[in-house]
Amino acid sequence: MDFEKKSLEDWRDLAEKELRGRPLETLYGDATDGIDTRPLYTAADLQELEDHETLPGFPPYLRGPRATMYAGRPWTVRQYAGFSTAEETNAFFRKNLAAGQTGLSVAFDLPTHRGYDSDHPRVAGDVGKAGVAVDSIEDMKILFDGIPLEKMSVSMTMNGAVLPIMGMYIAAALEQGADPARLRGTLQNDILKEFMVRNTYIYPPGPSMRIVSDIIRYTSRLMPAFNPISISGYHMQEAGATCVQELAFTLANGIEYVRTAIGTGLAVDDFAPRLSFFFAVGMNFFLEVAKLRAARSLWAALMKEHFSPGDPRSLMLRTHCQTSGVSLTSHDPYNNIIRTTVEAMAAVLGGTQSLHTNSFDEALSLPGEFAARIARNTQLVLREETGLSSVVDPLGGSYYVESLTASLTGEARKLIDRVEEMGGMTKAVESGIPKLLIEEAAAGRQSRVDAGREVIVGVNRHRPEQEEEVDILDIDTDSVRRSQLRRLEVLRRDRDEDACRRSLQALTAAAESGGPLLEGAVEAARRRATVGEITAALEKVFSRYQAQIRSVSGVYGPALEGSEDFTRVRRDVEAFAAAEGRRPRLLVVKLGQDGHDRGAKVIATAFADLGFDVDIGPLFQEPEEAARQAVENDVHVVGVSSMAAGHGVLVPRLIEALRRQESRDVLVVCGGIVPAGDREVLKKKGVAAFYGPGTNVSVSAGEILGLIRECRHEGGHDG
């Protein structure tokens, strides 16, 4: 039977009939992270596009940086790991390698990230909690005991304390007998992103950028197989950035790093082929595939325009990917296995070079061994059983994917041009504009979730009547800290103190004179200087950076106008203000060395739009400092945002500090990742309420307002 060829207008008429009179435009303009999408794409959408006809392995690398991609070599299976002591993490590494993992990704604890030793008074609640504690070369040697560094690709997520950690890694490899020229792996070393979202910085932007270029120069000369920087968009998306923002700001950071390295005298082709990138992969499947494809072609174009490299490999964007942490939910947590699988498939179809899959329990606690095995096996199943690795860029040529790729490229290019007009990414970061744009996007997404316009299964739709209990990992911080303190005591007792002191003095002198820094860090590490001592030697010259806290407003509220919960809370807040003569006042704090402040900023924005007076504490507060701020600002409630598992130590100290100041009527509530077992303990110590990932902010605000009224009526809060 012959069928008449139909036009797009014929399709529109048929589609509108199937919509039963509803205009087709109701399906159009669906903004996908800022990109308008349509319900139908055809060959006509590809007529103006050129890159989709290119081949993998050739500039602009749209279809992949290697000609054969996974058909020639599968992606590297990584598991981001590190907790407790170096001994326990080493055992975890060796077990994973035996089970099929092909590369190591090291997670350091927050004190290490921030350049503090485990015996520093500001880090008591954070040692070994969100990563492995590394204080010296002795810890580094134990971390890689039995793992030949010449043969193992090692990725280290480190930005603030890059000099001591990289120095200790190189020194440990030398003491293994390794040749530095044969060391393979990646150092994150992406400090601009830290000032934007993750906040594990130490020094101000200027000295920090000098450190980045120093490491690039050292590795280009002595470690040609090592990637000296992984330019990261991952933490931007985790902080709330749209795909366009993540793509644009990541590549803009990359351009800034290339400029900085060239400014030190390096030729672009001396180091650009060893640059690598790191992207998040969230739940918008096709958009994430398109993002990785767009990143490669856009990076090639930017490098060509700005730097005119002679080596085509300098145009090549190679990337590691990690499935989203923020998409994981504490409600109905086994759904997270499905989410991670979908995200991992998007990363593979987008052409990643290595991949880390998150564990399903990470919205509840640190990942446990059972959950980590499922996460790792997710990659092995995709690699071995699905055929995904048999064909290069299997979605290439898709009308939808190619159009999305082009749209992302165009929108990201506009944002990159805006950054360039500001004088580059360092200037943009100093202005705070990228950070504020990301915080606005985060607040906007929270409002869509709370309004039900963005569905999260098990959270705001299809929620189970009863939550399942999940076995979770718990780290005994006191035990880990005691172990680290004993090792530090032995290290300082047995080392050559004069030689150590001279190496630190030489490092300070190099910082003052503009001399090489990583060489000095390697020497200090070999002389058994600690992370904290090396950091302090540089801090004498560079100083320690303290960010200015700013927040957005007017983003959460408009999307909730008309919502029953939002309207009721606004009304109740006004009634409270009329009765009490002032509005309910909330202090949002981050305690300890956890710099992940997305949740804190979203809560501050949303509560302000709901009518609360909101104060935000500075990052890295000690509990006693937060208590003092709460009393001075006369707040009704302190909201502690927890993500890095330090709450068990830090929150009781906050409550005790408030009681010492006779502020028993100040409520304390916890938001973020607080395991059920910890909740029972903290409740007995005085925490009034808990709000985990996925909580509707308007609902929580109403509950907190009720707790304030109850507390004031009873004349105090005893827990």
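Refer to the structure above for everything that follows.
In this report, we go over the structure that sits alongside the text. Predicted model only: the values in this text are computed from it and were never measured.

It is at 8 Å that the axes of helix α6 (residues 162-176) and helix α20 (residues 518-526) come closest, and there the two elements cross at 60 degrees. Compared by their axis directions, α6 and α20 come out oblique. Between α6 and α20 the crossing geometry is right-handed. Together, Leu-163, Met-166, Gly-167, Met-168, Ile-170, Ala-171 and Leu-174 of α6 and Leu-518, Ala-521, Val-522, Ala-525 and Arg-526 of α20 make up the contact between the two elements. Residue composition of the contact of α6 with α20, by class: ten nonpolar, one polar and one charged.

Here we take up the sheet that holds strand β16 (residues 689-691). As summarised here, the arrangement of the five strands in space is β13-β12-β14-β15-β16, forming an open sheet in which the pairing is parallel. On the outer flanks of this sheet lie β13 (613-616) and β16, each paired with one strand and no other. When the angles between neighbouring strand axes are averaged without regard to direction, this sheet yields 25 degrees. With four bridges joining them, strand β12 (residues 585-589) and strand β14 (residues 637-642) adopt parallel strand pairing. Bridging across to β14, Leu-586 finds its partner in Val-637. Relative to the sheet, helix α26 (residues 647-660) contacts β14 and β15 (667-672), its axis offset from that of β15 by approximately 160 degrees.

Here the focus is a negative patch on the surface. A cluster of acidic side chains, namely Glu-48, Glu-50, Asp-51 and Glu-53, defines a negative patch on the protein surface. Relative to the assigned elements, Asp-51 resides in the loop between β2 (35-37) and α2 (69-72). On the basis of relative accessibility, which here comes to 31%, the residue Asp-51 falls in the partly exposed class.

The rules behind each value
Within each chain, residue numbers correspond to sequence positions counted from 1 in written order. Totals for whole chains, interfaces and linings use every residue, but because this is a predicted model, local features are given only for residues with pLDDT of at least 70 and side-chain atom pairs only at 80 or more, for both listing and counting. Side-chain metrics rest on all non-hydrogen atoms present in the structure, leaving aside hydrogens and water. Fitted lines through C-alpha atoms serve as axes, helices being fitted only where they are in contact, and the angles separating the N-to-C directions of these axes extend from 0 to 180 degrees. Secondary structure counts use DSSP, requiring at least four H or I residues in a row for a helix and at least two E residues in a row for a strand, with both numbered from the N terminus. Oblique is the label for every angle not falling under 35 degrees (roughly parallel), over 145 degrees (roughly antiparallel), or within 65 to 115 degrees (roughly perpendicular). By definition, any crossing whose near helix is turned counterclockwise from its far helix by less than a right angle is left-handed, and any crossing with a clockwise turn is right-handed. Whether two residues are in contact is decided by their heavy atoms, any of which lying within 4.5 Å being enough. Residue polarity is assigned by list, with Asp, Glu, Lys and Arg as charged and Ala, Val, Leu, Ile, Met, Phe, Trp, Tyr, Cys and Pro as nonpolar; anything else, Gly included, falls into the polar class. The pairing criterion for strands is at least two bridges between them, as found by DSSP. Residues enter patches when they are more than 30% accessible in relative terms and free of salt bridges; like-charged ones are connected within 9 Å and nonpolar ones (Val, Leu, Ile, Met, Phe, Trp, Tyr) within 5 Å. Every accessible area reported is derived by Shrake-Rupley at a probe size of 1.4 Å, with residue values counting cover from the shown protein chains alone. Here, a salt bridge means any Lys or Arg side-chain nitrogen found within 4 Å of an Asp or Glu carboxyl oxygen. Charged residues are defined here as Lys and Arg on the positive side and Asp and Glu on the negative side; His and the ends of the chain fall outside this count. To locate a charge, take atom NZ for lysine, CZ for arginine, CG for aspartate or CD for glutamate. Working definition: with a 1.4 Å probe on protein chains only, accessible area under 20% of the residue-type maximum means buried, over 50% means exposed, and in between means partly exposed.

By themselves, these figures tell us nothing about what the structure is for.
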